[in-house]
Amino acid sequence: MVQEVLVHTAVRAVMEQRYGELIRIAYLTLDDGRTRPGALLATARKVVQEAAERSWAAPEPGRTYAELRCAVAGCLVAGPAMISRFRLRRTAGPSAQNGPTLAALRQFSPHERLVYVLVRIEGLTPDDVADELARCLVVTAADVTRTLADADAATGLDPGDQTAELRAFDPTVVRLRPPPGRPRRRRLVVAAVLGVVVAAVAVGYPVWRQAPRPDDPILVKPDLWRRERTPDVTVWPTQGGRKWDLALLRRARDSWLRDARTPPVGRLYVMYAGDLGDATTVIMRDSPGERTAPLVAQYVERPLSRGVESVRQLGIGSYDLILIDALSNRFLVPPWRTNLRASPLDIPHPRWRDLPVRDGVTAPLPWSWFDVRCQFYVAFQVADRESYPPQTITMLASHVSASATPQVTFRVPGPVRYDDTALDNSARWDGVRALACAGGAALQESADLRVGELWRGSLPDHAGPARIFTVERSGGSADQGDQALLIDGKGRPLGYGDSNSDHVLWADELAAAVWWWRAPTRRWYLVVAAAKDVPRYYVLGELGRHEPRGRSLILSGPRSGPDADKRPVVEVVVDEPDGDHSVITP
């Protein structure tokens, strides 16, 4: 009993000394610019009183101002019931002031206003705010920093001037008085006229606000892609439940236009606009012209943040999936792709799962599928709705929205015009796993990948079976060349090399050379292989001249450490069926 009395006394002392500061925190957090000052002040007082009553109901020794301030924040986050804005009349008060800081603050969400006030007025750091609100709100120091940066940009003032403006603001000077009991007849007439005017404005303002403008982002019709023989991103239809919300689309457009690193070019087209969980997402693309691939931007609005989260290039005619919700790993899919399924990569054999698609958005994928050992990538397969006969397409996608989404095709032996696109056998699966999970390719900025199994055989020194895969890239923005990859029987990489894939068209004319370091013997080995239509190849350099009679050749070098700079210098000269020749320098 004595302890409770002491706690009550401490709380009352804090309330008497810091009451105005607590009222300022609550008032500024609640002030959205649309509620009357009288109603705001009454609600702020109610919040502070409720926080004090909670402190008395659950007494804790040493109740301090910081703990009482945290209780006020908890009441604000829980969403206090606003006192009716029509029962209290507005009189002269602080809301008549409309400085740049107050005006900008009213455009933020309640949670953004709360963390902003705690930093600017209370002097807390972003880490302190995150710790203090941990019991009632999930917010990080990065979220607080982003909110402060948005406020600095909106006000154009430095933090000291913002703090001075807010500290000069005293919400307790708002006076409340009841409405007059019997308004005069003239006041009734004026009120009726004002009511008619307000009703007309209320009806007309949304119509005016949603009226189209010449610079608005463009919505693509849902059936436009059906008129194209090979649909691509230019006819990707606009989807999502918020695609008619012009205010949202304009905010997304303005945010992208302010991006100094990757601003859009030409008109903007909306690919998706809708609510996903607690976030609102808009996917847009620009229109730079026929010779340049468009940029795709992802704009997201959350309770504590809003803005463009990623911008990346999307090739026209590519088979992209676009990450649309990184919290649940959902992707945006064009309507001409059907029968979507996915499998994690870091397993010996694929485990395909069908992914339902609703309004262009897939069902969520488990976080455990995006393994760091596989560069956070997952394998996908879709059916091409427009091809005949139906074609299965393979691609790799990450849970990082700015990462590339390369398509994977497989070289087919013989003079065929098109590669195979289905990931339907263990050899191809091992090759894709080696690319993603063993560092065979940097997928975050990768172009489309063309994979071919060139050779399989046995390695010396009882090292077991191995295979050589050739990897080619096309259409990417990163500076990446072609290469060869040597993997063992379990799909683990043994070495990397070069191929002549940029000189030949058909798989039967390929050749490759790979260096492999054998740890037990501390020796480098050169593994050379060629397809069946290569008439002749030979090795020159520090290992001497060697010309094999078969399709493969394995040469051993001197003993040395694993340092790649200590490998012998060699060249592999490949004669091609048309009489030309190419040089491979592994």
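Scoring rules and cut-offs
- Residues numbered from 1 in each chain as written.
- Predicted model: local features only at pLDDT ≥ 70, side-chain atom pairs only at ≥ 80, totals over all residues.
- Heavy atoms only, no water.
- Axes fitted to C-alpha atoms, helices over the stretch in contact; angles between N-to-C directions.
- Helix = DSSP H or I, 4+ residues; strand = E, 2+ residues; numbered from the N terminus.
- Parallel < 35°, antiparallel > 145°, perpendicular 65-115°, else oblique.
- Left-handed = near helix turned anticlockwise from the far one by under 90°.
- Contact = heavy atoms within 4.5 Å.
- Nonpolar A, V, L, I, M, F, W, Y, C, P; charged D, E, K, R; others polar.
- Buried < 20%, exposed > 50% of the residue type's maximum accessible area, 1.4 Å probe, protein only.
- Polar contact = N/O pair within 3.5 Å; in protein donor to acceptor, adjacent residues only side chain to side chain.
- Pairing = 2+ DSSP bridges.
- 1 Å grid on protein atoms, 1.4 Å probe; cavity = no way out; pocket = protein on both sides within 12 Å on 5 of 7 lines; lining within 4 Å.
- Points joined across faces, edges and corners; volume = space filled by probe spheres on them.

Enquirer: Explain the packing of helix α3 (residues 65–78) against helix α5 (residues 110–120) to me, using residue names and the numbers behind them.
Expert: Viewed as axis vectors pointing N to C, α3 and α5 meet at an angle of 165°, and their least axial separation amounts to 10 Å. What the angle tells us is that α3 and α5 run roughly antiparallel. The handedness of the crossing between α3 and α5 comes out as right-handed. Side by side, α3 and α5 meet where Arg 69, Ala 73, Leu 76 and Val 77 of the first sit next to His 111, Leu 114 and Leu 118 of the second. Taken together, the residues that form the contact of α3 with α5 break down as 5 nonpolar, 1 polar and 1 charged.

Enquirer: For the environment of Lys 46, give the residues involved together with the corresponding values.
Expert: Within the secondary structure, Lys 46 sits in helix α2 (residues 37–57). Judged by its relative accessible area of 46%, Lys 46 is partly exposed. Separated by 20 residues in the primary sequence, Lys 46 and Ala 26 place their C-alpha atoms 9.5 Å from one another.

Enquirer: Report on the environment of Gly 452, specifying residues and quantitative values.
Expert: Topologically, Gly 452 is positioned in strand β15 (residues 448–459). Ignoring sequence-local partners within four residues, the contact set of Gly 452 consists of Arg 411, Ile 468, Phe 469 and Thr 470.

Enquirer: Kindly report on the side chain of Arg 253, identifying the contributing residues and their values.
Expert: Within the secondary structure layout, Arg 253 lies in helix α10 (residues 246–257). Using a relative accessible area of 9% as the deciding quantity, one classes Arg 253 as buried. Within polar-contact distance, the side chain of Arg 253 engages the side chain of Asp 254 at 3.0 Å. Not counting residues within four places of it along the chain, the set of residues in contact with Arg 253 comprises Asp 215, Asp 216, Pro 217, Leu 268 and Met 284.

Enquirer: I'd love a proper account of the sheet that holds strand β21 (residues 536–541), names of residues and values included.
Expert: Reading across from one edge, β21-β23-β24 is the order of the 3 strands in this open sheet, with antiparallel pairing throughout. Of all strands in the sheet, those bounded by a partner on one side alone are β21 and β24 (581–584). Neighbour-to-neighbour, the strand axes of this sheet turn through a mean angle of 20°, independent of strand direction. In terms of strand pairing, β21 meets strand β23 (residues 570–575) through 6 bridges, oriented antiparallel. Considered in β23, the bridge of Leu 540 is made with Glu 571.

Enquirer: If you had to explain the layout of surface pockets to someone new, which residues and values would you point to?
Expert: Within this model, the largest pocket holds a volume of roughly 1,200 Å³. Along the walls of the largest pocket sit 34 residues, with Gln 107, Arg 251, Tyr 299, Glu 301 and Arg 306 positioned nearest its centre. Among the elements of the structure, α5, α7 (141–155), α10, β4 (295–302) and β5 (305–313) are those that each provide at least two residues to the lining of the largest pocket. Class assignment of the residues belonging to the lining of the largest pocket gives a composition of 11 nonpolar, 6 polar and 17 charged.

Keep in mind these numbers describe shape, not what the thing actually does.
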